[in-house]
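Notes for the structure review
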Amino acid sequence: MNYASTRNSSLKATSAHAIVKGLSDEGGLFVPESIPALTKEEIISFGDKKYSERAFDVFSKFLTDFTAEELKYCVESAYNTKNFDSENIAEITKLNGNRYVLELWHGPTCAFKDMALQILPYLLTTSAKKEVSGKQIAILVATSGDTGKAALEGFKDVDGTSICVFYPEDGVSPMQKRQMTTQEGKNVNVCAVKGNFDDCQNGVKAIFTNRDTEQKLLENNILLSSANSINWGRLAPQIVYYVSAYAQLVKDGEISFGEKVNIVVPTGNFGNILAAYYAKLMGIPVNKLICASNSNNVLTDFINTGVYDRNRKFYTTVSPSMDILISSNLERLLYHFTGENDKLINEWFSSLKETGRYEVNEEVKKKLSEVFFAGFCTDDETKAQIKKTFEEENYLLDTHTAVAVKVYEDYKAKTGDNTKTVIASTANPYKFGRAVFESVGGNAEGDEFDVIAKLEEKTGTKIPAPLAATRDKAVRFTGSVEKQDMTKAVLDFLKS
Ligand SMILES: *Cc1c(COP(=O)(O)O)cnc(C)c1O
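Everything numeric here is computed off the predicted structure, so don't read it as measured data.

Right, let's talk about the overall build of the protein for a bit. Helices and strands together make up the secondary structure of the protein, namely 22 helices and 16 strands. Within the protein, the proportion of its 496 residues that are buried is 58%. Excluding contacts between residues fewer than 6 apart, the proportion of contacts in the protein whose partners are at least 24 apart in sequence is 73%. As displayed, the protein offers around 19,500 Å² of accessible surface, 47% of which is attributable to carbon and sulfur atoms.

The structure is reproduced here in structure tokens:
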């Protein structure tokens, strides 16, 4: 299996190359040259396998340059009960009315990013051995909250790697800050930046593209790499849980093999829902992929009109991990929808860069409406959904998953479609405890730990152990740097 680039379809790279590089040289994203199929027998056989074995089977179709031994090492190191609080890794909870919640937050940081970032360090170090043997890998991350912590937990104490995370000093939630500043591990560094998320992101990009810095690090045998969501090594692991969930529902007798399901995904960068599309291409019977957005509804408009336009107001919402106006992974979908037309992709994405806007052709518009349904909801609707689902079904949603549930309710009211539906749940409610507590009628005064203690009392749910533990952990990373001093922070850290 080779990988092309969305901006150069004649490129042929191995998966190891794609994972080490992250982004292709001409700025495109790596895409598999074809999508491998799963047979009925394979999908049914998943029912009797552990999650790590299911992951092994899916990876062995995409990462054909990895040996069976290497893949086994990767999946077993990541998907075990040391890292996840559930034997099943991803749990399925049945709600009323043909709805199944796929809980992707049983990992160490209580958000779905763990599903990919627990295995990425192993995929990356294994790839690096093939591509750039003997080099140390230093991961740089700019984060608005969830990715940074998940990457830190994934890479902590992984031999041959180190990781440096930058976050906006005043731009993350108190719980997210606490989670990062108390991070353990010998090879980690966490750095607050006096600036916003864009400043962090620009600073990290500047470090990546500075040849002097690259040279200095190479002299110390260090290669920079990225753990952000456009890396193929983050996308491939996300395909696994959709395949796994379908097989599990068949095994549990909830659906019969071949029966179609809808999949609803609370979407930001379009990685998670793209993985669901790949699962569909592999042979998982999917009716509609439902793309749920918050007030930053650039994707809702795009799917409904074919016009992508980021020139709009940016809203800070109660579902911050979806506050995004440029959904990078959409580029991969459009590459497939245009029949791998790198010329069109180059055209559209230069237009996005220059004018903030592009419009796709009729063929792509038709495909978008066949495959997807898109909707969005406001913060008030998100909070009302949390309250409703809790009162009627005794199930506590986080602020991101609630967006998905609300958009699904709207879809059902509009279409009358009764197809069984899988809703991707991307965070544990305690990660966004303040907004969740207010939604169920609580008075969210006091510090973060007071609020989640009250949420626990009021709802009879349980604070996840990793979040509770941050209360008593020592803060290791204090202080902050000016945005122009980020390079120095990286060099100082990597020297030590
Ligand atoms: C990252 C994130 C999302 C958005 O996922 P994408 O793959 O970027 O679309 C949704 N919810 C939560 C809790 C997240 O952390």
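What follows concerns the packing of helix α7 (residues 146-155) against helix α8 (residues 174-181). α8 packs onto α7 with a crossing angle of 25 degrees between their chain directions and a minimal axis gap of 10 Å. As judged from the angle between their axes, α7 and α8 are roughly parallel. Crossing geometry of α7 relative to α8 is assigned as left-handed. In contact with D146, G148, K149 and L152 of α7, α8 contributes Q176, Q179 and M180. Residues belonging to the contact of α7 with α8 are distributed by class as follows: two nonpolar, three polar and two charged.

Lining the immediate environment of the ligand, one finds 15 residues, of which K113, D146, G268, N269 and T426 sit closest. Residue K113 places a side-chain N or O atom 2.6 Å away from an oxygen atom belonging to the ligand. Here N269 contributes a backbone N or O atom positioned 2.7 Å from an oxygen atom of the ligand. Along the lines of polarity and charge, the residues of the shell around the ligand split into five nonpolar, eight polar and two charged.

On to the sheet that holds strand β6 (residues 136-142), then. Across the sheet, five strands lie side by side as β9-β6-β7-β8-β16; this open sheet has parallel pairing. In this open sheet, the two strands that pair with only one neighbour each are β9 (222-226) and β16 (480-482). Averaged over neighbouring strand pairs, the angle between their axes works out to 30 degrees when direction is ignored.

We now examine helix α15 (residues 342-355). End to end, α15 covers 20 Å across 14 residues, agreeing with the expected 20 Å (1.5 Å per residue, within 8%). Of the positions making up α15, those classed as buried are L344, I345, W348, F349 and L352. On an axial view of α15, the arc spanned by its buried residues comes to 115 degrees, and they lie on one face. The exposed set on the far side of α15, more than 90 degrees from its buried face, consists of K343, K353 and E354. Elements in contact with the buried residues of α15: β12 (307-309), α14 (330-337), β13 (357-359) and α16 (362-371). The opening residue of α15, the one whose side-chain oxygen lies 3.1 Å from the backbone nitrogen of K343, is N341.

Moving on, we come to unusual backbone geometry. With phi around 65 degrees, N98 is a residue other than glycine that occupies positive phi space. Locating N98 in the fold gives a position in the loop between β4 (91-95) and β5 (99-103). By relative accessible area, N98 is classed as partly exposed at 28%. A positive phi angle, close to 60 degrees, is found at D157, a residue other than glycine. Within the secondary structure, D157 sits in the loop between α7 and β7 (161-168).

Take the packing of aromatic side chains next. To describe a pair of aromatic rings, you give the distance between the ring centres and the angle between the ring planes. By the definition in use, this model includes 18 aromatic pairs. Chaining the aromatic ring pairs together yields one cluster made of Y3, F62, W232, Y277, Y278 and F337. The ring of F66 carries the charged tip of K130 above its face, separated from the ring centre by 5.4 Å.

Okay, the side chain of H400 next. Residue position: H400 is located in helix α18 (residues 399-415). The class of H400 is buried, set by a relative accessible area of 3%. At a separation of 3.1 Å, a polar atom in the side chain of H400 contacts the main-chain amide nitrogen of S321. At a separation of 2.7 Å, a polar atom in the side chain of H400 contacts the side chain of D398.

Attention now moves to the packing of helix α4 (residues 68-78) against helix α6 (residues 120-131). In the contact formed by α4 and α6, the axes pass within 9 Å of each other and the chain directions differ by 155 degrees. By the angle class used here, α4 and α6 are roughly antiparallel. For the crossing formed where α4 meets α6, the hand is right-handed. Judged by residue contacts, E70, Y73, C74, S77 and A78 of α4 engage Y122, L123, T126 and K130 from α6.

Sheet strands line up and pair through hydrogen bonds in the backbone, either parallel or antiparallel. Strand order across the open sheet formed by three strands is β2-β1-β3, with antiparallel pairing between neighbours. Each of the sheet's edge strands pairs with one partner strand only, and the pair in question is β2 (8-13) and β3 (30-32). For this sheet the average axis-to-axis angle between neighbouring strands, irrespective of direction, equals 40 degrees. Where strand β1 (residues 3-5) and β3 come together, three bridges link them in antiparallel fashion. Within β3, the position partnered with A4 by the bridge is V31.

Further remarks concern the pairing of β7. Counted residue by residue, β7 has eight buried out of eight residues, so it is predominantly covered. Alternating positions in β7 separate into two faces, T161, I163, V165 and Y167 on one and S162, C164, F166 and P168 on the other, with burial throughout. Here six bridges tie β6 to β7, and the two strands are oriented parallel to one another. Each residue of the ladder has a partner; that of A142, found in β7, is F166. Direction of pairing for β7 relative to strand β8 (residues 188-194): parallel, over a ladder of six bridges. Pairing of F166 across the sheet is with C191, part of β8.

Thresholds, definitions, all that
Residues numbered from 1 in each chain as written. Predicted model: local features only at pLDDT ≥ 70, side-chain atom pairs only at ≥ 80, totals over all residues. Heavy atoms only, no water. Helix = DSSP H or I, 4+ residues; strand = E, 2+ residues; numbered from the N terminus. Buried < 20%, exposed > 50% of the residue type's maximum accessible area, 1.4 Å probe, protein only. Contact = heavy atoms within 4.5 Å. Areas by Shrake-Rupley, 256 points an atom, 1.4 Å probe, with all protein chains shown as cover. Axes fitted to C-alpha atoms, helices over the stretch in contact; angles between N-to-C directions. Parallel < 35°, antiparallel > 145°, perpendicular 65-115°, else oblique. Left-handed = near helix turned anticlockwise from the far one by under 90°. Nonpolar A, V, L, I, M, F, W, Y, C, P; charged D, E, K, R; others polar. Near = heavy atom within 4 Å. Polar contact = N/O pair within 3.5 Å; in protein donor to acceptor, adjacent residues only side chain to side chain. Pairing = 2+ DSSP bridges. Expected span 1.5 Å × (residues − 1). Arc of directions from axis to C-beta. Phe/Tyr/Trp six-rings, centres within 6.5 Å; stacked < 30°, edge-to-face > 60°. Lys NZ or Arg CZ within 6 Å of the ring centre and 35° of its normal.

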